[in-house]
Amino acid sequence: LDGRVTPVFSAETLAELSDVLTRPRLQRFFKRAAIEPRALLDRLADVSEVLAPSVADQPIRDLKDRPFIALAAAEPPPDCLVTGDADFERDRYGNVPVISASMLARLLCDGAV
């Protein structure tokens, strides 16, 4: 949110994030961190870029993750996909690397981003 990173979504991936952040099992973490999921989503929507996904033919185990693969094929593509989902078994999709949230945090802390 400090402007060093521009979150990139498609309409489908933003809807997926909204669904995930409102799941009951995650609410205790938000409460502990004093974060309101709806406010976080609204702020992300304000600072993010929404791309039109492209058709991607790369395989992925979980078909529900196909919108993320399509986002990686967008023009211009995002710099990376950030996920902890084990269904992303490759380290890149097209030319887009797949990194974990902890890796992104390390890059931000090291000033690499």
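Our subject is the structure listed above.
The rules we used
- Residues numbered from 1 in each chain as written.
- Predicted model: local features only at pLDDT ≥ 70, side-chain atom pairs only at ≥ 80, totals over all residues.
- Heavy atoms only, no water.
- Pairing = 2+ DSSP bridges.
- Helix = DSSP H or I, 4+ residues; strand = E, 2+ residues; numbered from the N terminus.
- Contact = heavy atoms within 4.5 Å.
- Axes fitted to C-alpha atoms, helices over the stretch in contact; angles between N-to-C directions.
- 1 Å grid on protein atoms, 1.4 Å probe; cavity = no way out; pocket = protein on both sides within 12 Å on 5 of 7 lines; lining within 4 Å.
- Points joined across faces, edges and corners; volume = space filled by probe spheres on them.
- Parallel < 35°, antiparallel > 145°, perpendicular 65-115°, else oblique.
- Left-handed = near helix turned anticlockwise from the far one by under 90°.
- Nonpolar A, V, L, I, M, F, W, Y, C, P; charged D, E, K, R; others polar.
- Salt bridge = Lys/Arg side-chain N within 4 Å of Asp/Glu carboxyl O.
- Buried < 20%, exposed > 50% of the residue type's maximum accessible area, 1.4 Å probe, protein only.

A.B. asks: Would you explain the sheet that holds strand 3 (residues 81-82) in this entry?
C.D. replies: Strands pair in a sheet through their backbones, by hydrogen bonds, and they do so in one of two ways: parallel or antiparallel. Taken together, the three strands give an open sheet; going across it, the order is 3-5-4, and neighbouring strands pair in mixed fashion. A strand with exactly one partner marks an edge of an open sheet, and here the two such strands are strand 3 and strand 4 (92-93). Most of the contacts of helix 5 (residues 101-109) go to strand 5 (residues 96-99), to which it runs at about 100°, and overall it touches strand 3 and strand 5.

A.B. asks: Help me out: how do you make sense of the layout of surface pockets in this one?
C.D. replies: The gaps left among the atoms become clear once a water-sized probe is rolled over them. The calculated volume of the largest pocket comes to roughly 1,500 Å³. The wall of the largest pocket is formed by 40 residues, among which Phe9, Leu81, Val82, Thr83 and Leu104 lie closest to the centre. Elements supplying a minimum of two residues to the lining of the largest pocket: strand 1 (8-9), helix 1 (11-21), helix 3 (37-47), helix 4 (66-72), strand 3 and helix 5. Ranked by residue count, the leading element in the lining of the largest pocket is helix 5, at five residues.

A.B. asks: Would you mind going over the environment of Thr22 with me for this structure?
C.D. replies: In this fold, Thr22 is placed in the loop between helix 1 and helix 2 (27-32). Separated by 30 residues in the primary sequence, Thr22 and Ala52 place their C-alpha atoms 24 Å from one another.

A.B. asks: Would you take a moment to explain the packing of helix 1 against helix 3 for this structure?
C.D. replies: A pair of packed helices can be characterised by two numbers: the angle between their axes and the separation between those axes. As a packed pair, helix 1 and helix 3 sit with axes 10 Å apart at the nearest point and diverge in direction by 160°. Overall, the two elements helix 1 and helix 3 adopt an arrangement that is roughly antiparallel. When you trace helix 1 past helix 3, the crossing you get is right-handed. On helix 3, the residues touching Leu17, Ser18 and Leu21 of helix 1 are Pro37, Arg38, Leu40, Leu41 and Leu44. By residue class, the composition of the contact of helix 1 with helix 3 is six nonpolar, one polar and one charged.

A.B. asks: What is the right way to look at the side chain of Ser10 in this model?
C.D. replies: Within the secondary structure layout, Ser10 lies in the loop between strand 1 and helix 1. Setting aside residues up to four positions removed in sequence, Ser10 forms contacts with Val50, Leu51, Pro53 and Leu71.

A.B. asks: It is not clear to me how the pattern of salt bridges should be interpreted in this structure. Could you clarify?
C.D. replies: Note on pairing: side chains with opposite charge can pair once their charged atoms come close. Applying the stated rule across the entire model yields four salt bridges. Here Arg38 makes a salt bridge to Asp42, at a shortest N to O gap of 3.4 Å. Within this pair, Arg38 and its partner Asp42 are both found in helix 3, separated by four residues, close to a single helical turn. Judged by its relative accessible area of 44%, Arg38 falls in the partly exposed class. Between Glu89 and Arg61 there is a salt bridge; the shortest N-O distance is 3.4 Å. With a gap of 28 residues between them, Glu89 in the loop between strand 3 and strand 4 and Arg61 in the loop between strand 2 (49-50) and helix 4 connect regions that are remote in the sequence. Via salt bridges that share partners, Arg61, Asp87 and Glu89 belong to a single interconnected network.

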